[in-house]
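What follows is each chain in one-letter form.
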Amino acid sequence: MDKRPSLEALEDRGDFIRRHIGPDERDLAVMLAALDVASLDELIAQTIPADIQLDAPLNLPAPRSERVVDDALRRMFARNELHTSLIGMGYYDTITPNVIKRNVLENPSWYTAYTPYQAEISQGRLEALLNFQQMVIDLTGLPVANASLLDEATAAAEAMTMAHRISKVKTPRFVVDADTHPQTLAVVRTRAEPLGIEVVVGDPWAGIEDEYFGVLVSYPGSSGRLRDPSPVIAAARATGALSAVAADPLALVLLKEPGAMGDAGGGADIVFGSAQRFGVPMGYGGPHAAFFACRDEHKRQMPGRIIGVSTDAQGKPALRMALQTREQHIRREKANSNICTAQVLLAVIASFYAVYHGPKGLRTIAERVHRMAVLFARGLRDLGFEVVHDAFFDTVQVRVPGIARRIAARAREAGFNMHVIDADRLSAAFDETSRRSELKRLLGCFATRADSVLDLAEMDTLVADCIPDGLRRESAILTHPVFQRYHSETEMMRYMRRLAARDIALDRSMIPLGSCTMKLNSTTEMTPVTYRLFAALHPFVPLEQAQGYQQLFEELEERLCEITGFAAMSFQPNAGSQGEYAGLLVIRKYHQTRGEGHRNVCLIPASAHGTNPASAVLAGMEVVVVACDTLGNVDFADLKAKAAQHADRLAALMMTYPSTHGVFEEGVRDICALIHAHGGQVYMDGANMNAMVGLVRPGDIGFDVCHLNLHKTFCIPHGGGGPGMGPIGVAPHLAPFLPDHPVVQGVNPVAGPAGTIGTVSAAPWGSASILPIVWAYIALMGAAGLKRATQVAILNANYIAQKLSPYYPVLYTGKHGRVAHECIVDLRPLKDASGVTVEDVAKRLMDYGFHAPTVSFPVAGTLMIEPTESENRAEIDRFCDAMIAIRAEIADIEAGRADRENNLLKHAPHTHELLIADEWTRPYSRRAAFFPSESVDRDKYWPPVARVDNVAGDRNLICTCPPLSDYARAG
């Protein structure tokens, strides 16, 4: 009998599973033995309540090999048709310089990093983000900018709510320029309605009747029309209202900066827009970084994250996130915004684009784009067509009575997508990729005689720019040396490598951040992101040109619904916070359609992530906090009392499962039943879904809606603080209310007569270009692999809890003493005994080459540790050994062998400059400071700065690039 393995076995289609999951069979045996269990199944039985566990495998396709998955994705994207995009409307083709594409977008040193909460080991991306802020400040003419928002449309909504908070004009009216991108207007309207804000659409230049608290104008307009916002800005300031300007960054290279407009150069209060055309592919809608700048007096009301310049313990310049660093956790329902992190990786790319091209290169690109538009307009006029606007930057609108669609069809046949406005008008938007060879072909779509009657070379000598003299930029931009010196590819490559080397990302060590799921982002999953047929599609192309994407959405929705137990999925929310917001809006809409619009109370456990209450407030709900018991669970008695107290107005319960405390609560079915009995819906925060996939389906337990953090559980990388993706799954009765879109029809195919919640982000399917990562992960793993990953994630967390518990108390465990996929270790007793704080331990871990776990969340004075399934036993042991060694260092302080203030932990992290200093005055050895373990000897990470002074950075906020001499001092 042939004992050879079959061909099917030799094909090893599930080979990727062992490459994604860190522990091998030998590791598993040791780890299970350490927990005194015989199998993964036994461990899961002790961890997850039996009544919620799946009793059958997920119905998913079998795992596929990496080659087969890559082939399948290539066939899928081959169904997309790539035409030259002239649609505009906020999305433009661009050229990502290959040096940036290879060294940032495709480099795990950049895309696997986390949000830079630990500043000392994040100086590289912090500098790149500071460059982004400097770029925005220069272009807008305003003194303060943040480090990105989610997209232009949500930035407009943030501008509106910011103006509402600041303005002293007590009216609900917010005026929006009618010449605003339709997706922006739609998102603003969605955001306004629950907050009681009245959106008035009109022409602000014609004068505004009645009071208003803010006004939004577009510069240039969506139609391409270029008008001077100065009178609108001046009129708003005269009435006490705030002005916001939606601007195009490439246009601002040539146009007068909005921050210098208005009476006496008072300028706009807020300027925002999309940085997409600075080297970031359209990607069928995203992800892209929005920019946002404001006047200095408004900076503490600004949403998002601001990078500031401070000093370190040695008095040298150091960067950090300033002001609202973790405002959702601190201010919760009173936070400025529900945005937790934004689009760091894309902001980094945009900033490097500006660094690489410099002011001269950007001006050349902007002038070329404008010249293309001017030549096109001249050609149309010479052919007898009416160009609607005399002043424009890149978008030309033409009047063609009755034949707009006919010309657009002819253009599509020639390989161009134009924007059809109505039967009589259409427009063409030019960009960095536009070529002179395309101009004649495009003009030929309007008149076949174009080729014979138009001479582009001669026209080029005759045309004049069409930017009015009063709107031409006179101020210099990008004068800081960082924008002057890296224009050769050699220098640019070295600059990016130098910055990357300052940071800790997953390519260096595990990042054990609790509630963040820093797992492997495999190369096979990441590769399709840069395929041109996925990356270069405009989000508003005709659907027949995007059939590859439509197949992706259909298959991914089907598989995510199978994984979660929900009936429908919306991919529009482009961050976890936006998923929370959209899910709550769906619940609100459901109640309204049942004649119960008065239901507005949202119950939220005290342990919840800070974005939960912030999102509830944005959705027009009143937050009522529910207590947690001593075991970290929702206090059922308190929940029952508050559900009864607010029964008439109860809208929803927001609940993280497993809990933010890292435990599977036993009574989750009873909790859902209680809320339903009082007329409410149950929202599950999916931040901890990595402990559930293949084992528990939230839709089966009783949850009505759930957002998924695809950048956690499903392998989209964190990118140093974005992109994220927060699609929501819903039960059948909520599906009709999922988001729609004003430009692309059929985004919610089951929308009913009562309507949807509206639009929550600029693009119809959110950050579509990173969804292939999720599709690939599920295809590579299959049902068995996904289940195994979850089991091992739980095993790794329990193994860490077991190893560390003799040294640090594990704060919360479940009924059988187990944690879910993360554990919280309590450092509070150490502070009284030794003076050592949780921050000291976090900084000392840097000397051991590790990023700290989550600090002081959800419990102050603790560390929340999540290893994920991707880390093997050797790396987990290395981390545990570091934690144990640090505990011994603390013991020296407790015993009086080390000083309470002058010790290894209080001075951590230790930089290379201390090592090479002539004098060493510390009471501990250099060996202990710099090389505390054998693993550090083999691969030493050198923190580029010493401990950063947070107080000084907030007291003296500087969010622009420091002098070049400071960079030299920082080494």
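Given the structure is predicted, the values throughout are model-derived calculations rather than measurements.

A.B. asks: I keep staring at the packing of aromatic side chains and nothing clicks. Help me out?
C.D. replies: We describe a pair of aromatic rings using the distance from one ring centre to the other and the angle between the two ring planes. Summed over the entire model, instances satisfying the criterion amount to 27 aromatic pairs. Centroid distance Phe-376 to Phe-446: 5.9 Å. Interplanar angle 65°. Geometry classified as edge-to-face. Residue Phe-376 is found in helix H14 (residues 344-382), and its partner Phe-446 is found in the loop between helix H16 (436-444) and helix H17 (450-453); the two are separated by 70 residues along the sequence. The same class applies to Phe-376 as to Phe-446, namely buried. Here a set of aromatic residues connected by ring pairs shows up, and it is made of Phe-77, Tyr-284, Tyr-531, Phe-534, Tyr-549, Phe-553, Phe-571 and Trp-765. Lying over the aromatic face of Tyr-92, Arg-277 brings its terminal NZ or CZ to 3.8 Å of the ring centre. In this structure, Lys-940 packs its charged tip against the face of Phe-931, placed 5.8 Å from the ring centre.

A.B. asks: Got a minute to help me understand the side chain of Gln-572 in this structure?
C.D. replies: Locating Gln-572 in the fold gives a position in the loop between strand E16 (568-570) and helix H23 (576-593). A distance of 3.1 Å separates a polar atom in the side chain of Gln-572 from the backbone oxygen of Asp-740. With residues near it in sequence (within four places) discarded, Gln-572 still touches Pro-739, Asp-740, His-741, Val-747, Gly-758, Thr-759, Val-760, Ser-761, Ala-763, Pro-764, Trp-765 and Gly-766.

A.B. asks: What exactly am I supposed to notice about the pattern of salt bridges here?
C.D. replies: Close approach of charged atoms allows side chains with opposite charge to pair. Counted according to the given criterion, the structure contains 53 salt bridges. The salt bridge partner of Glu-127 is Arg-502, with a shortest N-O separation of 2.7 Å. Of this pair, Glu-127 sits in helix H8 (residues 123-140) while Arg-502 sits in the loop between helix H19 (489-500) and helix H20 (523-526), placing them 375 residues apart in sequence. A relative accessible area of 4% means that Glu-127 is categorised as buried. Between Glu-894 and Arg-887 there is a salt bridge, with the nearest N and O atoms lying 3.1 Å from each other. According to the relative accessible area criterion, Glu-894 is partly exposed, its value standing at 33%.

A.B. asks: I would appreciate a short explanation of the UniProt feature "domain: Glycine cleavage system P-protein N-terminal" (unreviewed entry) in the protein chain in the present structure.
C.D. replies: Residues annotated in UniProt with the feature "domain: Glycine cleavage system P-protein N-terminal" (unreviewed entry) correspond here to residues 18-445 and 454-735. Across residues 454-735, the secondary structure splits into 34% helix and 12% strand, with the terminal C-alpha atoms separated by 54 Å.

A.B. asks: What is the right way to read the state of the cysteines from this model?
C.D. replies: Formally, a disulfide is one covalent bond, and it connects the sulfur atom of one cysteine to the sulfur atom of another. This model, assessed by the stated rule, comprises zero disulfides. Between Cys-823, a cysteine without a disulfide, and Cys-880, which holds the nearest cysteine sulfur, the sulfur-to-sulfur distance is 8.4 Å. For Cys-823, a relative accessible area of 0% puts it in the buried group. Here Cys-880 falls in the buried class, since its relative accessible area comes to 0%.

A.B. asks: Can you help me understand the layout of surface pockets in this one?
C.D. replies: A water-sized probe, rolled over the atoms, reveals where empty space remains. Looking at the second largest pocket, its volume works out to about 460 Å³. As for the second largest pocket, its lining consists of 27 residues, of which Thr-96, Leu-105, Pro-281, Thr-530 and Ala-535 are closest to the centre. When contributions to the lining of the second largest pocket are tallied by element, the ones reaching two or more residues are helix H6 (98-105), H14 and helix H21 (532-535). Of the residues that constitute the lining of the second largest pocket, the class distribution is 17 nonpolar, seven polar and three charged.

A.B. asks: How should the environment of Tyr-212 be read in this particular structure?
C.D. replies: If you trace the backbone, Tyr-212 turns up in the loop between strand E4 (198-202) and strand E5 (214-219). The sequence separation of Tyr-212 and Ala-236 amounts to 24 residues, and the corresponding C-alpha distance is 8.4 Å.

A.B. asks: Can you help me understand a negative patch on the surface in this one?
C.D. replies: Together, Glu-198, Glu-209, Asp-210 and Glu-211 give the surface a local cluster of negative charge. Within the secondary structure, Asp-210 sits in the loop between E4 and E5. Classification of Asp-210 as exposed rests on a relative accessible area of 60%.

A.B. asks: Before we go on, may I ask you to explain the sheet that holds strand E25 (residues 862-865) in this structure?
C.D. replies: Sheet strands line up and pair through hydrogen bonds in the backbone, either parallel or antiparallel. On the basis of which strands lie adjacent, the open sheet formed by three strands has the order E23-E25-E24 and antiparallel pairing. The outermost strands of the open sheet, each flanked by one partner alone, are strand E23 (823-826) and strand E24 (854-855). Of the strand pairs in this sheet, E24 and E25 are connected by two bridges, and their pairing is antiparallel. The residue bridging Val-855 from the neighbouring strand is Leu-863, located in E25. Most of the contacts of helix H28 (residues 771-804) go to E23, to which it runs at about 15°, and overall it touches E23 and E25.

A.B. asks: Got a minute to help me understand the sheet that holds strand E14 (residues 419-420) in this structure?
C.D. replies: In spatial order, the strands read E11-E12-E15-E14; together these four strands make up an open sheet with antiparallel pairing. Among the strands making up the open sheet, the edge pair consists of strand E11 (386-387) and E14. Inspection of the sheet shows E11 paired to strand E12 (residues 395-399) by two bridges, in the antiparallel sense. Following the sheet pairing, Glu-386 is matched in E12 by Arg-399. Sheet strands touched by helix H15 (residues 404-413): E14 and strand E15 (425-429). Its angle to E15, the strand with the most contacts, is close to 35°.

A.B. asks: What's the story with the UniProt feature "domain: Glycine dehydrogenase C-terminal" (unreviewed entry) in the protein chain in this structure? I'm lost.
C.D. replies: Sites flagged by UniProt as "domain: Glycine dehydrogenase C-terminal" (unreviewed entry) map to residues 789-910. The distance separating the terminal C-alpha atoms of residues 789-910 is 36 Å; by composition the span is 45% helix and 8% strand.

A.B. asks: What exactly am I supposed to notice about unusual backbone geometry here?
C.D. replies: A negative phi holds for most residues other than glycine; trans holds for most peptide bonds. Here the bond from Tyr-219 into Pro-220 is cis, since omega is 0°, no more than 30 degrees from zero. Turning to its location among the elements, Pro-220 is positioned in the loop between E5 and helix H11 (230-239). Residue Pro-287 is reached from Gly-286 by a cis peptide bond, and omega for that bond is 10°. With a phi close to 55°, Tyr-284 is a non-glycine residue in the positive phi region. Mapped onto the fold, Tyr-284 is located in the loop between strand E7 (270-274) and strand E8 (290-294). Tyr-284 gets classed as buried once you look at its relative accessible area, which sits at 0%. Positive phi values are uncommon outside glycine, yet Thr-517 reaches one of about 50°. Within the element layout of this structure, Thr-517 appears in the loop between H19 and H20.

A.B. asks: Looking at this model, I keep getting lost on the packing of H23 against helix H24 (residues 611-618). Mind explaining?
C.D. replies: To describe two helices that pack against each other, one gives the angle between their axes and the distance between the axes. Orientation of H23 relative to H24, taken along the N-to-C sense of each, is 45°, at an axis distance of 9 Å. As far as their axial angle goes, H24 and H23 are oblique. Crossing angle aside, the handedness with which H23 passes H24 is right-handed. Across the interface between the two elements, Ser-577, Glu-580, Tyr-581 and Leu-584 from H23 touch Thr-611, Asn-612, Ser-615, Ala-616 and Leu-618 from H24. Within the contact of H23 with H24, the residues separate by chemical class into four nonpolar, four polar and one charged.

Calculation notes
Residues numbered from 1 in each chain as written. Predicted model: local features only at pLDDT ≥ 70, side-chain atom pairs only at ≥ 80, totals over all residues. Heavy atoms only, no water. Phe/Tyr/Trp six-rings, centres within 6.5 Å; stacked < 30°, edge-to-face > 60°. Helix = DSSP H or I, 4+ residues; strand = E, 2+ residues; numbered from the N terminus. Buried < 20%, exposed > 50% of the residue type's maximum accessible area, 1.4 Å probe, protein only. Lys NZ or Arg CZ within 6 Å of the ring centre and 35° of its normal. Polar contact = N/O pair within 3.5 Å; in protein donor to acceptor, adjacent residues only side chain to side chain. Contact = heavy atoms within 4.5 Å. Salt bridge = Lys/Arg side-chain N within 4 Å of Asp/Glu carboxyl O. UniProt positions renumbered as here; feature names shortened; annotations may be inferred. Disulfide = S-S within 2.5 Å. 1 Å grid on protein atoms, 1.4 Å probe; cavity = no way out; pocket = protein on both sides within 12 Å on 5 of 7 lines; lining within 4 Å. Points joined across faces, edges and corners; volume = space filled by probe spheres on them. Nonpolar A, V, L, I, M, F, W, Y, C, P; charged D, E, K, R; others polar. Patch = residues over 30% accessible without salt bridge, like charges linked within 9 Å, V, L, I, M, F, W, Y side chains within 5 Å. Areas by Shrake-Rupley, 256 points an atom, 1.4 Å probe, with all protein chains shown as cover. Lys, Arg positive; Asp, Glu negative; His and termini not counted. Charge placed at Lys NZ, Arg CZ, Asp CG, Glu CD. Pairing = 2+ DSSP bridges. Axes fitted to C-alpha atoms, helices over the stretch in contact; angles between N-to-C directions. Parallel < 35°, antiparallel > 145°, perpendicular 65-115°, else oblique. Left-handed = near helix turned anticlockwise from the far one by under 90°.

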